[in-house]
Amino acid sequence: MSFAEILGGTLSPDANIREQATRALESAENENFSQYVLSLTQELANESAQPPVRSAAGIALKNALTAKDETRQEQHSQRWLQADEGVRGQVKQGVLVTLSSENRQATTAAAQAIAAITATELPQGQWQDVIATLLQNVTSSNTGLKIASLQTIGFICESISPDILAAQSNTILTAVVQGANSEEPSQEVRYAAITALLNSLEFVRQNFDNEGERNVIMQTVCEATQSPDDSVQAAAFECLVRIMQLYYDKMRFYMEKALYGLTVIGMKHEDEKIALQAIEFWSTVCDEEIELQIEEDARDPGQPPERENYQFAKTALSQVLPTLLFLLTKQDADADEDEWNVSMAAATCLSLLAQTIGNDIVAPVIPFVEQHIRNPDWHYREAAVMAFGSILDGPDPNVLTPLVSQALPVLIEMVKDQVVQVKDSAAWTLGRVCDLPIECIQLDVHLHSMISALVAGLEDSPRIVANCCWAIMNLTEQLGGLDAETYALSQYFEGIITTLMRITEANVNENNSRTSAYEAMATLASTGARDTHAVIAKLGVATLDRLDATIAGLAQAVGVDDRLALAELQSNLLNVLTNVARTLGRQISEISDRMMTSVLQLLNASGKQAAAAEDAFLLVGALITALESGFTRYLESFSPFMYNALQNHEEYQLCSISVGLIGDICRSLGQDAVQYCDQFMTILLQNLESNVLHRDVKPSILSCFGDIALAIGGRFESYLDVTFRVLMSACNLSAGTQALDYDTIDYNNQLRVGIFEAFVGIIQGLKSDGKAQLLSPQVQSIMGFMSFVYNDQTRSEDVTKAMIGLLGDLADAFPNGDVREYLRAEWIQALIREGRSGARGSSIRTLSRWARDMVKQATA
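A short tour of the structure in this document, coming up. (Residues numbered from 1 in each chain as written. Predicted model: local features only at pLDDT ≥ 70, side-chain atom pairs only at ≥ 80, totals over all residues. Heavy atoms only, no water.)

## Concerning the environment of Asn103
Then, number 1: Inspection of the secondary structure puts Asn103 in the loop between helix H6 (85–98) and helix H7 (104–121).
Then, number 2: In this structure, the C-alpha to C-alpha distance between Asn103 and Ala4, residues 99 residues apart in sequence, is 17 Å.
Then, number 3: When sequence neighbours within four positions are dropped, the list of residues in contact with Asn103 reads Pro51 and Arg54.
Then, number 4: Polar side-chain contacts of Asn103 include one of 2.8 Å to the backbone nitrogen of Ala106. (Helix = DSSP H or I, 4+ residues; strand = E, 2+ residues; numbered from the N terminus. Contact = heavy atoms within 4.5 Å. Polar contact = N/O pair within 3.5 Å; in protein donor to acceptor, adjacent residues only side chain to side chain.)

## Section: the packing of helix H14 (residues 211–224) against helix H16 (residues 252–267)
Then, number 1: Two elements in contact, H14 and H16, have axes whose closest approach is 12 Å; the angle formed by their N-to-C orientations is 15°. Judged by the angle between their axes, H14 and H16 are roughly parallel. Crossing of H14 against H16: the hand is left-handed. Residue-level inspection shows Glu211, Arg214, Asn215, Met218 and Cys222 of H14 in contact with H16, the latter providing Tyr254, Ala258, Leu259 and Leu262. (Axes fitted to C-alpha atoms, helices over the stretch in contact; angles between N-to-C directions. Parallel < 35°, antiparallel > 145°, perpendicular 65-115°, else oblique. Left-handed = near helix turned anticlockwise from the far one by under 90°.)

## Observations concerning unusual backbone geometry
Then, number 1: In the Ramachandran plot, Gln311 falls in the positive-phi region, its phi being about 55° despite a non-glycine side chain.
Then, number 2: One can find Gln311 in the loop between helix H17 (272–298) and helix H18 (312–315).
Then, number 3: A positive phi angle, near 50°, is found at Glu628, a position not held by glycine.
Then, number 4: Looking at where Glu628 falls in the secondary structure, it is placed in the loop between helix H32 (610–627) and helix H33 (632–646).
Then, number 5: Classification of Glu628 as partly exposed rests on a relative accessible area of 35%. (Buried < 20%, exposed > 50% of the residue type's maximum accessible area, 1.4 Å probe, protein only.)

## A word on the nonpolar core
Then, number 1: Met251, Trp282, Ile361 and Ile708 are the most contacted members of the largest nonpolar core, which totals 313 residues.
Then, number 2: Here the element with the most residues in this core is helix H15 (residues 230–247); it accounts for twelve residues.
Then, number 3: What Trp282 contacts, discounting residues up to four positions off in sequence, is Met255, Tyr260, Thr263, Met267, Phe312, Ala313, Ala316, Val320 and Cys349. (Core = buried A, V, L, I, M, F, W, Y, C linked by side-chain atoms within 4.5 Å.)

## Re the environment of Ala67
Then, number 1: In this fold, Ala67 is placed in the loop between helix H4 (51–63) and helix H5 (70–81).
Then, number 2: Linking Ala67 and Ser77, residues ten residues apart in sequence, is a C-alpha distance of 9.5 Å.
Then, number 3: Discounting residues that sit within four places of it in the chain, Ala67 has contacts with Arg72, Gln73 and His76.

## Re the environment of Glu213
Then, number 1: Examined against the element boundaries, Glu213 turns out to sit in helix H14.
Then, number 2: The exposure class of Glu213 is partly exposed, given its relative accessible area of 32%.
Then, number 3: For the pair Glu213 and Glu26, spaced 187 residues apart in sequence, the C-alpha separation works out to 48 Å.
Then, number 4: With near-sequence residues (within four places) excluded, Glu213 lies in contact with Asn170 and Asn207.
Then, number 5: Of the polar contacts made by the side chain of Glu213, one reaches the side chain of Asn207; its length is 2.6 Å.

## Some thoughts on the pattern of salt bridges
Where side chains of opposite charge bring their charged atoms close, a pairing between them can arise.
Then, number 1: For the coordinates displayed, the defined rule picks out 33 salt bridges.
Then, number 2: Where Glu47 meets Arg54, a salt bridge forms, and the shortest distance between an N and an O atom there is 3.1 Å.
Then, number 3: Residue class for Glu47 comes out exposed when judged on its relative accessible area of 52%.
Then, number 4: Where Glu121 meets Lys92, a salt bridge forms, and the shortest distance between an N and an O atom there is 2.9 Å. In this pair, Glu121 sits in helix H7 while Lys92 sits in helix H6, placing the two residues 29 residues apart along the sequence. As far as burial versus exposure is concerned, Glu121 and Lys92 are alike and both buried. (Salt bridge = Lys/Arg side-chain N within 4 Å of Asp/Glu carboxyl O.)

## Details of helix H28 (residues 513–527)
Then, number 1: Spanning 15 residues, H28 covers 21 Å between terminal C-alpha atoms, matching the ideal 21 Å at 1.5 Å per step.
Then, number 2: For H28, the buried fraction is high: 13 of the 15 residues fall into the buried class. (Expected span 1.5 Å × (residues − 1).)

The values reported here are purely geometric and, on their own, carry no functional implication.
Structural data, given as structure tokens:
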């Protein structure tokens, strides 16, 4: 079979032929990589080959150099870089030549292959002339070559770090702007150029800082929004969206001169893809200004703002809002529910607008709602409901309360509307109302009719069911009576649960309705007051019956889809059982034997399916907490699964849950946990040393050391030396970590919380058995690290809280002045004052008062 035939086989409608062809390609790739990429290049460049085959060759070439997984990507990159330089040269020459082809499928595939090669070579300082070659092509009289080269530049800009291309930003920008210019006769060239500009916006920051160059870019993009070609217009508006995301601070002049008018006109365009991008522009404006308001709220009084909020959204309200309200009425009765359209985009934008400008949104929207809420045309009726629901997040609750009181009877009535779209939006709006501060709802007036409407909606079409479930969840979370004898939903509780159980009997999950119903049951189980516990216990038994039926059905689930559907159902059932166990506490012992039997059967039957194991382990965690020492009888049969999960580093989330189970076991068993601690500590220490285990698990392992120490008290002495070595190593790692990006900062804060929680547990555990003096040699190092963290501006509130708790515990453990000198450092009082400035009634404020008293006693 020739290479062309193999590539053609990968496109066959016959699954067996496709699979054989794919295996043949994989075999060729693994046996002789150099020959494989040369053969692909030859087919890609072959003008006599069929276009789909040429495209398949280019895609296969790209896939030989790229991978979504970081480890595989590195392997692919190294394989390419280690290939013979002559082979690589032939491939690069072949893909560049293909850009001149008249076949668009081939040129697009070649462009992707070139981007894949540059993504590997440019960071290594290789193929430095590729950009120059492409830019030369852009000046060619060959329109096809210009389009393909601009497309290639766009792919390269999309796939490579901005830092690597920053040095060539001027030449790239010049070529791209020239191609996008209104004087360019070919609209296809303009489209390719605008798309390339979109992908290059992130690394032309220096150009945007220059007013003259910025003006040229903005003029080019604004002119492109007026192109006779709809694709060019849509791409230009998409460019404006990205520009607003990246360069909000520089947009004031352009908003006043052009963008207000251009985008409002764009929102009204008949071509949906243009209108969607123009609406997205204003959603992006709102996103930026919401973020600026958050920064403003977090700023210390007297501190100047880092960035100015120009309040574009508020300024444009009179132009943008009428357009959004008009677009809400453009629903398509035949549109797929998941299909993004202008009415959905307008609703999202309106919601963001309400969050951005708050109370100012109410007065201009309410007349539209009042005018159309009973309109005989369902488009306007639904738009009115959607408009009301969309403005409920943003304005002050005291502004919304009278409006909600007035609207609720109508909304409740509209859940029974004859048109499904209206019912759907009414149920969604009720969910939004139930998510407001509960004071906005007059429970004595509206609760009964609201529950009646929502329960009736549970037996409606699947899309109504999902929104009614969401409303019930919001309501029970607001009214939550977990520690109360009764709560407002108690009288309705059994009826709601009964209806939810009935509608989940069918083996269908259209529009996620069944999943939503189980989520509602789980939420009700976690929030019900004591007088609902009997119903919750019955729910536990009924849910367990269903779980057992799914375990029995695993053998009959042959196809992949069947097994996935069954796994999703099991996840839903386990989630309900987990919340039942958490709420009932020791009462769960009546069915805990059955629960654990089912869990063990499920773990045995599900094999390596991590999702099922994760949910099962969460249920086990709830049982450990509920039963405390009573769980001991299950440990022998369950522990092999837990130890396997702890050693399964590929499924790191399951491993992390297992670490949490060790903490749960130790907290529940107390001193009796000592018999298991050798094995616990050995596995945890091995995991910390692993280079394969995901780093996110490691902070929880450190915290787990604290749980173990707190449980076994002075008996933790035998683990002290190795634990302190590990903790000090973690301190050094944290102190040496540079705050390069948000992910690094976030992880470092997690690591620090884990370190401090470990120290807290160890201190409290040793102190409980009168062995606090064992900590004396470590106090200087602990205080030194805390001082360093205190001065780190990236320190999170969780880290601050953990540090204050640790200071209090250190002072409490050494009340006789042993650590007096350390506790007199100025930063300690400053840290405690910072904690005491927290919100009234907050846990950090309470903790800080206690720590202040402990430090005062220890330094007296």
